[in-house]
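Okay, here's what each chain looks like letter by letter:
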Amino acid sequence: MDVKEIVRGLFQRKMVVLLVAIVLLFVVLFNSGMFGGEDTRVRITCAGDSLTYGSGVLKTREIDSYPSQLQVKLGTSYLVSNYGLRNATASASGDLPYVESEQYKESLESKPDIVILMLGTNDTKTYNWNPEEYREGLLNLVKSYQNLEEQPVVYLMRSPYCFPIENREQAEYSVQNDIVNGELGEIISSVAEEAGINVIDLKAVTVGKEYLYTDGIHFTAEGYDLISDTVYKEIKKIVKEETK
């Protein structure tokens, strides 16, 4: 093969890649209503704390946070939005209540079809923990999404397994790992039952997988990939039920 043929082959491959990119861009813009039509995308609002925001992969969170990876897996028919707030609590008396944040306000205005809510790890910090106030705050948040005009399907995420600092009984950032791994889940299940919604159990899929963490609480890109896979499977269940 001579130089001209090699160059021609490279040029043809680049043109194919460019054409595919243009087609994908057109599909995204069309689905979003950019050409005057209706935005037909299923809107997924991810609300929560640093585990939603993408702590652990801060430099690449736009690619590696679980909402970003979920967007790729679901494709252009969906719009996944990240309203995570680092250090946020469900409790209104915590040091950074999610209900008082701009992220919460924006999540309510996002016209969601599906809401994925995960709050609790920061509530278990030694200076925040109050089980009654956590339960009340979480339930109020769930109801605020259920009461939206869009009437979205709301999921509660049971916080992932939390690993303590080596040779210590407590996790990083004053998080009480024994509460995260125990009582927190019981409260989340109780709130979900009262509100009539499903729980996505992240503890069940992260037990024994410390290698996926950066600090015992937050995840690597591979860890967030596992979370996005878990959420993806739940969302696909909805699609299957609607198409029966």
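Residues numbered from 1 in each chain as written. Predicted model: local features only at pLDDT ≥ 70, side-chain atom pairs only at ≥ 80, totals over all residues. Heavy atoms only, no water.

Novice: Help me get a handle on the overall build of the protein chain, residues and values and all.
Specialist: A tally of helices and strands in the protein chain yields 10 helices and 5 strands. When burial is assessed residue by residue, the protein chain has 46% of its 244 residues classed as buried. Considering only contacts in the protein chain between residues 6 or more positions apart, those separated by 24 or more positions represent 73%. (Helix = DSSP H or I, 4+ residues; strand = E, 2+ residues; numbered from the N terminus. Buried < 20%, exposed > 50% of the residue type's maximum accessible area, 1.4 Å probe, protein only. Contact = heavy atoms within 4.5 Å.)

Novice: With reference to specific residues and values, describe a negative patch on the surface.
Specialist: Residues Glu132, Glu133, Glu136, Glu183 and Glu186 make up a contiguous surface patch of negative charge. At the level of secondary structure, the elements contributing two or more residues to the negative patch comprise helix H6 (131-146) and helix H8 (183-195). The greatest single-element share of the negative patch, amounting to 3 residues, is contributed by H6. Note that Glu183 resides in helix H8. Note on Glu183: relative accessible area 34%, which makes it partly exposed. (Patch = residues over 30% accessible without salt bridge, like charges linked within 9 Å, V, L, I, M, F, W, Y side chains within 5 Å. Areas by Shrake-Rupley, 256 points an atom, 1.4 Å probe, with all protein chains shown as cover. Salt bridge = Lys/Arg side-chain N within 4 Å of Asp/Glu carboxyl O. Lys, Arg positive; Asp, Glu negative; His and termini not counted. Charge placed at Lys NZ, Arg CZ, Asp CG, Glu CD.)

Novice: Could you give an account of the side chain of Asp64, with specific residues and numbers?
Specialist: Turning to its location among the elements, Asp64 is positioned in helix H3 (residues 61-64). No salt bridge is formed by the buried Asp64. Its closest oppositely charged neighbour is Lys73, at 9.8 Å. Engagement of the side chain of Asp64 in a polar contact is seen with the side chain of Thr60, the distance being 2.7 Å. (Polar contact = N/O pair within 3.5 Å; in protein donor to acceptor, adjacent residues only side chain to side chain.)

Novice: How would you explain the nonpolar core if you had to name every residue and give the values?
Specialist: One finds Tyr98, Leu117, Tyr134, Leu138, Val142, Tyr145 and Leu156 to be the most contacted residues of the largest nonpolar core, which totals 33 residues. Only strand S3 (114-118), H6, strand S4 (153-158), helix H7 (177-180) and H8 provide two or more residues apiece to this core. Excluding anything up to four places from it in sequence, Leu138 contacts Ala90, Leu117, Leu119, Leu156, Ile188 and Val191. The next biggest cluster of nonpolar side chains, apart from the first, holds 26 residues, and it includes Leu51, Leu70, Leu212 and Tyr224. (Core = buried A, V, L, I, M, F, W, Y, C linked by side-chain atoms within 4.5 Å.)

Novice: Run through the pairing of strand S2 (residues 78-84), naming residues and quoting values.
Specialist: Burial of S2 is extensive: 5 of the 7 residues sit out of reach of the surface. Taken together, the 7 bridges between strand S1 (residues 42-48) and S2 define a ladder with parallel strand orientation. Bridge pairing links Thr45 to Ser81 in S2. (Pairing = 2+ DSSP bridges.)

Novice: I'd like a description of the packing of aromatic side chains, backed by residues and values.
Specialist: Overall, the coordinates contain 7 aromatic pairs when judged by the stated rule. Summarising the aromatic geometry, the rings of Tyr98 and Tyr104 are spaced 5.8 Å apart at their centres and angled 65° between planes, so their arrangement reads as edge-to-face. Neither residue differs from the other here; Tyr98 and Tyr104 are each classed as buried. Ring centres of Tyr213 and Phe219 lie 4.3 Å apart, and the angle between their planes is 35°; this geometry places the pair in the tilted category. Classification of Tyr213 as buried rests on a relative accessible area of 8%. Residue classification places Phe219 among the buried residues on the basis of a relative accessible area of 0%. (Phe/Tyr/Trp six-rings, centres within 6.5 Å; stacked < 30°, edge-to-face > 60°.)

Novice: Can you break down the sheet that holds strand S5 (residues 198-201) residue by residue, with the values?
Specialist: Strand order across the open sheet formed by 5 strands is S2-S1-S3-S4-S5, with parallel pairing between neighbours. A strand with exactly one partner marks an edge of an open sheet, and here the two such strands are S2 and S5. Each neighbouring strand pair of the sheet contributes to a mean axis angle of 20°, computed without reference to strand direction. Bridge analysis of S4 against S5 gives 4 bridges, and the strand direction is parallel. When the sheet's bridge partners are listed, Leu156 is paired in S5 with Val199. Along the sheet, helix H4 (residues 66-74) makes contact with S1, S2, S3 and S4, crossing S2 at roughly 175°. (Axes fitted to C-alpha atoms, helices over the stretch in contact; angles between N-to-C directions.)

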